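For reference, the chains in residue letters:
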Amino acid sequence: MDAFPAFFPLAGRKVVVAGSGEAAENKARLFDGSPATLVRLTEAEAAQPGAFDGAALVFLASADEAFLERAAATARATGAAVNVVDHPAMCDFYTPALIDRGAVVAAVGATGAAPLLAAMLRNDIEALLPEGTGRIADLFRATRDAVREALPDMGPRRAFLRQALRSPAAEAAVAGDGARAEALLREALLSFDQGAATMGRVDFIVGDGPADLLSLRAARLLSQADVLIADPQASADIVALARRDARRLPLAQMATLRLIELAGEGLRVVCVMAGEVDASIPRAVKLSGAGVEVLRLAEGR
């Protein structure tokens, strides 16, 4: 990872776009509808004392190299993070290709080296995120305290929220009916059966081949894993697809009783195996008998 991606809160922040031309206009347009205070400056205005005071983010765009160097130094001296269009070496941060869904924002970056590639990847991801996706996040934010109070333990809370993501409440949120969405979610919270819902699942994935042979379904399971148990012989590229914050456990933890214990905590466990997926069948039978949902996947399935 050449650059660390992070999301910067905009409420109450000042953002300055200084310079001229289409590039400057494009940067300013990024903040349409945001809670930030956007300030547009010409090159002459940016040269005035105090032009960047109070700014959190500064974007500079100009054909005048001398202006860019002076303005970047001045803005940086005020404590602002600076982005200089088409000059990666002068940047404190890079501007990614963005997918804006309100409370949900997806970003694809190429560390300033290949913006066209980032834009192409953004288009692929954008098709997976409906326009109303951000309203689901708004719904969860509005009910966060109520959910935490009703389900103080992480396991049951995680199980409830997973159900809620594919519930009528989420559908109402996407459709723009926030009041109905919140009412449905609160009703679901009252009727939520912790005992029935908190049993997790265990997925077995073959990790022999390169990551590009892995099915989309298997890749999604890895991205949702709470716990990862990987055979040391499994492909490192496939193992790397797992959630960065997933708990990593050694191969010895793949014992049936241990998997039942982890699933009983409401966790999603993904076991990446280096051998045939059918080798997991005896274990899967025992897990299913214990009420654990099991899925076995090989490449391309």
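Whatever comes next refers back to the structure up there.
Computed from a predicted structure; not experimentally measured.

Draft legend 1. Expanded view of a nonpolar patch on the surface. Residues Phe-7, Leu-30, Leu-98 and Val-105 make up a contiguous nonpolar surface patch of roughly 330 Å² in combined accessible area. Taking relative accessible area as the criterion, Leu-98 reaches 32% and is therefore assigned partly exposed.

Draft legend 2. Just the sheet that holds strand β1 (residues 14–19), in detail. The strand order across the open sheet formed by 4 strands is β2-β1-β3-β4, and the pairing between neighbours is parallel. Edge strands, defined here as strands with exactly one partner in the open sheet, are β2 (37–41) and β4 (81–84). In this sheet, adjacent strand axes meet at a mean angle of 15° when their direction is disregarded. Strand direction decides the pairing type here: strand β3 (residues 55–61) and β4, joined by 4 bridges, are parallel. Within β4, the position partnered with Leu-57 by the bridge is Ala-81.

Draft legend 3. Structural detail: the environment of Ala-81. Tracing the sequence through the fold places Ala-81 in strand β4. Ala-81 sits in the partly exposed class, given a relative accessible area of 24%. Expressed as a C-alpha distance, the spacing of Ala-81 and Phe-59, which sit 22 residues apart in the sequence, is 8.7 Å. With near-sequence residues (within four places) excluded, Ala-81 lies in contact with Ala-56, Leu-57, Val-58, Asp-92 and Phe-93.

Draft legend 4. Inspection of the side chain of Arg-268 at higher detail. Relative to the helices and strands, Arg-268 resides in strand β10 (residues 268–273). One buried charged residue, Arg-268, remains without a salt bridge, the closest side chain of opposite sign being Asp-226 at 5.8 Å. With residues up to four places along the chain from it excluded, the contact list for Arg-268 reads Arg-162, Arg-201, Gln-224, Ala-225, Asp-226 and Val-227.

Draft legend 5. Inspection of the packing of helix α5 (residues 133–150) against helix α8 (residues 178–191) at higher detail. Their axes nearest at 10 Å, the elements α5 and α8 cross at an angle of 20°. With respect to α8, the axis of α5 lies roughly parallel. Crossing hand, α5 versus α8: right-handed. Residue-level contacts link Leu-139, Phe-140, Ala-142, Thr-143, Ala-146, Val-147 and Ala-150 of α5 to Ala-181, Glu-182, Leu-185, Arg-186 and Leu-189 of α8.

Draft legend 6. Structural view of the pairing of β10. With 6 of 6 residues buried, β10 is to be regarded as a mostly interior element. Burial along β10 is two-sided: Arg-268, Val-270 and Val-272 facing one way and Val-269, Cys-271 and Met-273 facing the other are all buried. Two strands pair when backbone bridges link them, and strand β8 (residues 227–230) and β10 are joined in this way by 4 bridges, in the parallel orientation. Note on β10: the bridge partner recorded for Leu-228 is Val-270.

Criteria and thresholds
- Residues numbered from 1 in each chain as written.
- Predicted model: local features only at pLDDT ≥ 70, side-chain atom pairs only at ≥ 80, totals over all residues.
- Heavy atoms only, no water.
- Patch = residues over 30% accessible without salt bridge, like charges linked within 9 Å, V, L, I, M, F, W, Y side chains within 5 Å.
- Areas by Shrake-Rupley, 256 points an atom, 1.4 Å probe, with all protein chains shown as cover.
- Salt bridge = Lys/Arg side-chain N within 4 Å of Asp/Glu carboxyl O.
- Buried < 20%, exposed > 50% of the residue type's maximum accessible area, 1.4 Å probe, protein only.
- Pairing = 2+ DSSP bridges.
- Helix = DSSP H or I, 4+ residues; strand = E, 2+ residues; numbered from the N terminus.
- Axes fitted to C-alpha atoms, helices over the stretch in contact; angles between N-to-C directions.
- Contact = heavy atoms within 4.5 Å.
- Lys, Arg positive; Asp, Glu negative; His and termini not counted.
- Parallel < 35°, antiparallel > 145°, perpendicular 65-115°, else oblique.
- Left-handed = near helix turned anticlockwise from the far one by under 90°.

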